[in-house]
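Below, each chain spelled out in residue letters.
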Amino acid sequence: MNHAPVPIVEDGPPPAAHEAGEQHPIRVYLVVWGYLFVLSTMSYLVDYFHLQGTLRWTLIILFMLLKAGLIVSIFMHMAWERLALVYAILVPPLALGTLVLLMSIESGYTFWTRVLFLGGGG
Amino acid sequence: MDQRTTIVEAEAEPGGVPQSLRELAGDWGADQEVFRHVHWGKAMMWIFLLSDTFIFSSFLVSYMTMRSSVTAPWPNTAEVFGLDVGGVSVPLLLIAIMTFVLISSSGTMAMAVNFGYRRNRKATAALMVATALLGATFVSMQAFEWTKLIFTEGVRPWYNPMGAAQFGASFFMITGFHGLHVSIGVIMLLIVASKVLRGHYDRRGDYSAVEIAGLYWHFVDLVWVFIFAFFYLW
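Residues numbered from 1 in each chain as written. Chains lettered and ligands numbered in written order. Predicted model: local features only at pLDDT ≥ 70, side-chain atom pairs only at ≥ 80, totals over all residues.

A. Layout of the overall build of chain B. Check the secondary structure of chain B and you find nine helices and two strands. Relative to its length of 234 residues, chain B is extended, with a C-alpha radius of gyration of 23 Å against a globular reference of 17 Å. The C-alpha extent of chain B, read off along each of the three principal axes, is 70 × 45 × 30 Å. For chain B, the proportion of contacts with a sequence separation of at least 24, taken over those separated by at least 6, is 67%. (Helix = DSSP H or I, 4+ residues; strand = E, 2+ residues; numbered from the N terminus. Rg over C-alpha atoms; globule rule 2.2 N^0.38 Å. Contact = placed C-beta atoms within 7 Å.)

B. Inspection of the overall build of chain A at higher detail. Counting its regular elements, chain A contains five helices and zero strands. Written out in order from the N terminus, the α and β elements of chain A read α-α-α-α-α. By residue count, 17% of the 122 residues in chain A fall in the buried class. Taking the contacts inside chain A whose residues are at least 6 apart along the sequence as the reference set, 58% of them involve residues at least 24 apart. (Buried ≥ 20, exposed ≤ 12 C-beta atoms within 10 Å, placed from the backbone.)

C. The arrangement of the UniProt feature "transmembrane region" (unreviewed entry) in chain A in detail. Residues and elements named next belong to chain A. According to UniProt, the "transmembrane region" (unreviewed entry) feature falls on residues 26–45, 57–78 and 84–105. Split by type, residues 26–45 is 100% helix and 0% strand. Its first and last C-alpha atoms lie 29 Å apart. In residues 57–78, helix accounts for 86% and strand for 0%; the two terminal C-alpha atoms are 27 Å from one another. (UniProt positions renumbered as here; feature names shortened; annotations may be inferred.)

D. Inspection of the interface of chain A and chain B at higher detail. With 56 residues of chain A at the interface, the matching set in chain B holds 55 residues. Contributions of two or more residues to the side of chain A that touches chain B are made by α1 (16–23), α2 (26–48), α3 (53–75), α4 (83–90) and α5 (96–117) of chain A. Per-class residue counts for the side of chain A that touches chain B are 38 nonpolar, eleven polar and seven charged. (Nonpolar A, V, L, I, M, F, W, Y, C, P; charged D, E, K, R; others polar.)

E. Spotlight on the domain arrangement of chain B. Annotation of chain B at the domain level lists domain 1 (1–37) and domain 2 (40–233). A straight line from the C-alpha centre of domain 1 of chain B to that of domain 2 of chain B covers 38 Å. (Domains from an automatic or database assignment.)

F. Representation of the nonpolar core within the structure. Counting residues in hydrophobic clusters, the biggest one holds 68 residues, and the most contacted among them are B:A112, B:M128, B:L189, B:V192, B:V210 and B:F228. Residue assignment for this core shows that the elements contributing at least two residues are α2, α3 and α4 of chain A together with α3 (40–69), α5 (93–117), α6 (121–152), α7 (166–197) and α9 (208–233) of chain B. Per element, the largest residue contribution to this core is 18 residues, and it comes from α9(B). Ignoring anything within four residues of it in the chain, the contact list for B:F228 reads B:I95, B:T99 and B:L233. (Core = buried A, V, L, I, M, F, W, Y, C linked by C-beta atoms within 7 Å.)

G. Representation of the UniProt feature "transmembrane region" (unreviewed entry) in chain B within the structure. Those places that UniProt annotates as "transmembrane region" (unreviewed entry) correspond, in this numbering, to residues 46–66, 86–113, 125–144, 164–193 and 214–233 of chain B. Secondary structure across residues 125–144 of chain B comprises 100% helix and 0% strand; the distance between its end C-alpha atoms is 28 Å.

H. Local environment of the UniProt feature "domain: Heme-copper oxidase subunit III family profile" (unreviewed entry) in chain B. UniProt's feature table lists "domain: Heme-copper oxidase subunit III family profile" (unreviewed entry) at residues 45–234 of chain B, given in the numbering used throughout. End C-alpha atoms of residues 45–234 of chain B are separated by 31 Å, and the span's content is 78% helix alongside 3% strand.

I. Spatial organisation of α2(A). All names here are of chain A. For α2, built from 23 residues, the straight-helix expectation of 33 Å at 1.5 Å per residue is met to within 8% by its first-to-last C-alpha distance of 33 Å. Where α2 is concerned, the buried positions are Y29, W33, L36, S43, Y44, V46 and D47. Just past α2, the residue H50 takes up positive phi, approximately 55°. (Expected span 1.5 Å × (residues − 1).)

J. Geometry of the packing of α7(B) against α9(B). All names here are of chain B. The interhelical angle for the contact between α7 and α9, taken along N-to-C directions, is 160°, at an axis separation of 10 Å. In terms of orientation, α7 lies roughly antiparallel with respect to α9. Regarding α7 and α9, the two cross each other, and that crossing is left-handed. Residue-level contacts link I174, T175, H178, H181, V182, G185, M188, L189, V192 and V196 of α7 to A209, V210, A213, Y216, W217, V220, V223, W224, I227 and F231 of α9. Split by residue class, the contact of α7 with α9 holds 16 nonpolar, four polar and no charged. (Axes fitted to C-alpha atoms, helices over the stretch in contact; angles between N-to-C directions. Parallel < 35°, antiparallel > 145°, perpendicular 65-115°, else oblique. Left-handed = near helix turned anticlockwise from the far one by under 90°.)

K. Structural context of the confidence of the model for chain B. The predicted model of chain B has a mean per-residue pLDDT of 89, with 93% of residues at 70 or higher. Reported confidence for the predicted complex is 0.85 by ipTM and 0.86 by pTM. (pLDDT = per-residue confidence, 0-100.)

L. Layout of unusual backbone geometry. For A:H77, which is not glycine, the phi torsion reads 65° and is therefore positive. Its location among the elements puts A:H77 in the loop between α3 and α4. Backbone geometry places B:R119, a non-glycine residue, at a positive phi of 60°. Among the secondary structure elements, B:R119 is positioned in the loop between α5 and α6.

M. The packing of α3(A) against α9(B), seen in detail. Packing of α3(A) against α9(B) leaves a shortest axis separation of 10 Å and a crossing angle of 180°. With respect to α9(B), the axis of α3(A) lies roughly antiparallel. Counting all contacts with α3(A), which are made through A:I60, A:I61, A:M64, A:K67, A:A68, A:I71, A:V72 and A:F75, the residues of α9(B) involved are B:H218, B:D221, B:L222, B:V225, B:F226, B:A229 and B:L233. Across the contact of α3(A) with α9(B), the residue classes tally to twelve nonpolar, one polar and two charged.

N. Representation of the environment of B:L127 in the model. Residue and element names in this part refer to chain B. Within the fold, L127 resides in helix α6. Sequence-wise, L127 and A110 are 17 residues apart; in three dimensions their C-alpha atoms are separated by 9.0 Å. Discounting residues that sit within four places of it in the chain, L127 has contacts with T108, M111, A112 and F115.

Here you go:
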């Protein structure tokens, strides 16, 4: 794996993530499992009680992000990884925000073109 | 000799930049090994998952674009995916059950990884098989959902009787691609589980394969979280 021209002196702490991974009590995963169940139930209830508008969208995104955070940080062990790995994986997806922004502008344009010039036909 | 050490140590003064940030700068700046102390398979799996993130995001963004640019009404997912229980239609029931099944499979997988690092062969294999079974249950329920939509409701990628024609294309692409991931994951889990049971990783003294398979499986669950929120609930 290492193509460095100079030999690397293995210094510092031993592999943090693997050692840490061995020592978590099973309880941590059961608790997170429980949280995920509760959050899923709550996002289901958002639909069940027909919440509408901004409240609906805020709650859906809130529960979604909480669930995603729990899965990535605890189940996928991101919370115990070195920062170099965390940033390499979690920063690039932020670029998707640009795509979302561009495409929402574009879809607004398409929508009004259809309404104004195509007689509202989809 | 090791530049990284120099950087990290030079700035290690009280009140300075936090240790983790100095390590980040050191790891990336040393031009030697960014993923220090990370199993190569794990680094590769993370990079694959990153690329997969972009693929699923492309599907979801194209779904967003289609949905916000159609003039025909979007089909009401709560009704489309509802189930009749004793004559009463419960909205999104099937999808809710599928969500719980997939979350449970993630829970058993996380425990399998933990038992793997404790060198508990039987518990690891049993939990991985349980994960695979839950995954297979998920795919079966999805197959049921597809059958219902195609044959009962008459949904096609280019047409459906409930509203905007783009609904079918989004639905089949997004859930189909996710279902494919789940199916591949089930196969991979069974292969790794059988290797665990045969003591393959004990002989090598390295249980990383279980954790790497776990990463993939949790990612599949993660993607479902986003599909559930954006496609089914929105």
